[in-house]
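Chain residues, written in single-letter form:
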Amino acid sequence: MTCRWRRFILLLLVIVSGTGIIHPAHAADSQPFIWRKLVSGSSTIEEAFSTRTPQFILFRDGLIIYRDDAFKRPYQQVRLNKQELSAFYIHMQNTYGLPGLTPGRLNRELPYIKSVQKAVYNDNTRVSIWIGMHTPPSLHTFGMKLLQARSVNERLGPGWKGLYELSQLLSVYIHTKAKTYLPDRVEIAVQILPSYLADLADQAVAWSLTDVDLNEAKGKRMRGFKTLKGEAARQAYTFLTEHQIVKSDDTVFLVWVRPLILP
């Protein structure tokens, strides 16, 4: 994290120190303002499933839901008040050029930035940033190393530099008032415990959600998917963030869960 990012985060924490945070928060109540998603080129199947959900989302009503890129902490949530939201927006506008980071702007800068762009080697790690204030909303998806390489010259490519640095800011966002996010919509991925994990079968925890049939969710496919809502979603998320190897009847399953945050 650069000194500029640290200064901004510390400033935001000073601003919010005396304000109240609204809980619980439900993402479906608002429309997204901006979100960021990182997909590693060397993702496991579980990580590929989990990264379908963006890593950072800011909603128009000030709700922010985020986690770290490395999955070391579960999703956190905080709701900014109007003053905090305005401060965050002004910072993104003045520092990174939002909302001017349009596809047209980047395309106009591309011929110039290519002339000074450093060599880029193959990199399957991709970052996506969705900006909802554009009409229509814009989605920028680039290889991380490519985006970084195009950010090297602020004079020739200020838009590319702004997009890269905005991505970096959102990747390290933290808030000391944040609390663990408990979603009311989730997707679960269900499969029979793979043979390479067979030695972990004795660690299986009994599946406690009697209204959710894992056999039915899996179906005849190798891996089945099911969306849960309301109390079932909250219970499943709480349970499966602690236990992924579960037993239902006489079958041991490997079950993953991810929150469905976007409307």
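Quick summary incoming for the structure in this document. Everything numeric in this text was worked out from a predicted model, so none of it was measured. (Residues numbered from 1 in each chain as written. Predicted model: local features only at pLDDT ≥ 70, side-chain atom pairs only at ≥ 80, totals over all residues. Heavy atoms only, no water.)

Our next topic: helix 4 (residues 103–114). Taking 1.5 Å per residue as the helical rise, helix 4 with its twelve residues ought to reach 16 Å, and the 16 Å between its terminal C-alpha atoms agrees with that figure. Listed as buried for helix 4 are Leu106, Glu109, Leu110 and Ile113. For helix 4, the buried positions fall inside an angular range of 140° around the axis, keeping them on one side. Those residues of helix 4 that are exposed and aimed more than 90 degrees away from the buried face are Asn107, Arg108, Pro111 and Tyr112. Lining the buried residues of helix 4 we find strand 6 (138–143) and helix 6 (158–171). (Helix = DSSP H or I, 4+ residues; strand = E, 2+ residues; numbered from the N terminus. Expected span 1.5 Å × (residues − 1). Buried < 20%, exposed > 50% of the residue type's maximum accessible area, 1.4 Å probe, protein only. Arc of directions from axis to C-beta. Contact = heavy atoms within 4.5 Å.)

Scanning all chains against the criterion turns up six salt bridges. The partner of Glu165 in a salt bridge is Lys161, and the shortest N-O contact between them spans 3.3 Å. With Glu165 and Lys161 both in helix 6 and four residues apart, the pair spans about one turn of that helix. Of the residues examined, Lys161 reaches a relative accessible area of 21% and is grouped as partly exposed. Close ionic contact of Glu187 with Arg258 constitutes a salt bridge, the shortest N to O distance being 2.8 Å. Of this pair, Glu187 sits in strand 8 (residues 185–192) while Arg258 sits in strand 12 (residues 251–259), placing them 71 residues apart in sequence. Take Glu187 and Arg258: they sit in the same class, and that class is buried. (Salt bridge = Lys/Arg side-chain N within 4 Å of Asp/Glu carboxyl O.)

One open sheet holds the seven strands; their spatial order is 6-5-1-2-3-4-7, and the pairing between them is antiparallel. With partners counted over all chains shown, the strands left at the sheet margins are strand 6 and strand 7 (179–180), one partner each. The pairing of strand 5 (residues 126–131) with strand 6 spans six bridges and is classified as antiparallel. In the strand pairing of strand 6, Trp130 is matched with Leu139. Docked against the sheet, helix 3 (residues 82–96) engages strand 1 (32–39), strand 2 (56–59), strand 3 (63–66) and strand 4 (76–79), running at close to 120° with respect to strand 2. Across the face of the sheet, helix 6 comes into contact with strand 1, strand 2, strand 5 and strand 6 while running at roughly 85° to strand 1. (Pairing = 2+ DSSP bridges. Axes fitted to C-alpha atoms, helices over the stretch in contact; angles between N-to-C directions.)

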